[in-house]
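A closer look at the structure
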Amino acid sequence: MYRYGGALYHNEIERTLSTLPEGIRARVDHADFFCGANPIAAGLHGYRATGDGRGYEATGHCVWLQHQLALPADRRRTTIVLPTPAVATYRIILHELGHVLHEHTAYHDEVVPITTYAQTNHFEAFAEAFSAWLWPAYAAKDLRSIDPRVDAFFDLIASL
């Protein structure tokens, strides 16, 4: 992974990555991190606001290849954007790694929303479920009882 943007970001990114099982880490290791700068001004993507109105210039998010239309195809890489130190937290980085995993696995089945935010769409449902699977305190709910099929999916890919 690349473009950590200094110790403020590096330490929390490395701490988060160190909690991933080997099978998961292998599936997200291809992603870059873009830290400490406005992703729109840098040309990473052109999206201005999230569906709930937060500006992408200050919100942690994951940019998939198909979102990077302004970049030449050979320069596109799945990228987790942490534009400010305030969003470089274990909770946010873990959630964004869930999006990287979602893109990598191309998981298409329905995911039962485990949090209110997970009700936003199936992408957020997957990332929230992944976060709750790895860190049960994330949602204060047991993913196994809410969506045992998705829990088993994470268990399986973590063991491969």
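Residues numbered from 1 in each chain as written. Predicted model: local features only at pLDDT ≥ 70, side-chain atom pairs only at ≥ 80, totals over all residues. Heavy atoms only, no water.

1. Thoughts on the layout of surface pockets
Here is the rule we go by: Each cavity reported here is a set of points on a 1 Å grid over the protein atoms alone in which a 1.4 Å probe fits but cannot get out, each pocket an open set with protein on both sides within 12 Å along at least five of seven lines, and each lining residue one with an atom within 4 Å of a point. Grid points are joined across faces, edges and corners, and a volume is the space filled by probe spheres set on the points. Runs of H or I in DSSP of at least four residues are treated as helices and runs of E of at least two as strands, each being numbered from the N terminus.
Of the pockets and cavities examined, the largest pocket occupies roughly 680 Å³. Around the largest pocket, the lining comprises 27 residues; the ones closest to its centre are Tyr56, His61, His99, Tyr117 and Glu124. For the lining of the largest pocket, the secondary-structure elements that each account for two or more residues are strand S2 (61–63), helix H3 (90–105) and helix H4 (122–134). With 5 residues, the top contributor of residues to the lining of the largest pocket is H3.

2. Let's talk about the pairing of strand S3 (residues 79–82)
Operational definition: Classification of residues uses two cut-offs on accessible area relative to the type maximum, computed with a 1.4 Å probe and protein chains only: under 20% is buried, over 50% is exposed, and between them is partly exposed. Pairs of strands are assigned from DSSP output, requiring at least two bridges between the strands.
Side-chain alternation along S3 places Thr79 and Val81 on one buried face and Ile80 and Leu82 on a second face that is also buried. As judged from the 4 bridges shared by strand S1 (residues 32–35) and S3, these two strands associate in the parallel manner. Note on S3: the bridge partner recorded for Asp32 is Thr79. Pairing analysis gives 3 bridges linking S2 to S3, with the strands arranged antiparallel. Following the sheet pairing, Val63 is matched in S3 by Thr79.

3. A closer look at the nonpolar core
Applied cut-off: Residues belong to one nonpolar core when they are buried, are Ala, Val, Leu, Ile, Met, Phe, Trp, Tyr or Cys, and are joined through side-chain atoms within 4.5 Å. The contact definition used throughout considers only heavy atoms, calling two residues in contact when any of these lie within 4.5 Å.
Counting residues in hydrophobic clusters, the biggest one holds 40 residues, and the most contacted among them are Leu20, Leu82, Leu97, Phe130 and Phe154. Among the secondary structure elements, those contributing two or more residues to this core are helix H1 (7–18), helix H2 (22–28), S1, S3, H3, H4 and helix H6 (148–159). Considering every element that reaches this core, the biggest residue donor is H4, with 7 residues. Filtering out sequence-adjacent residues up to four positions away, Leu20 remains in contact with Arg25, Val28, Leu94, Leu97, Phe130 and Leu134.

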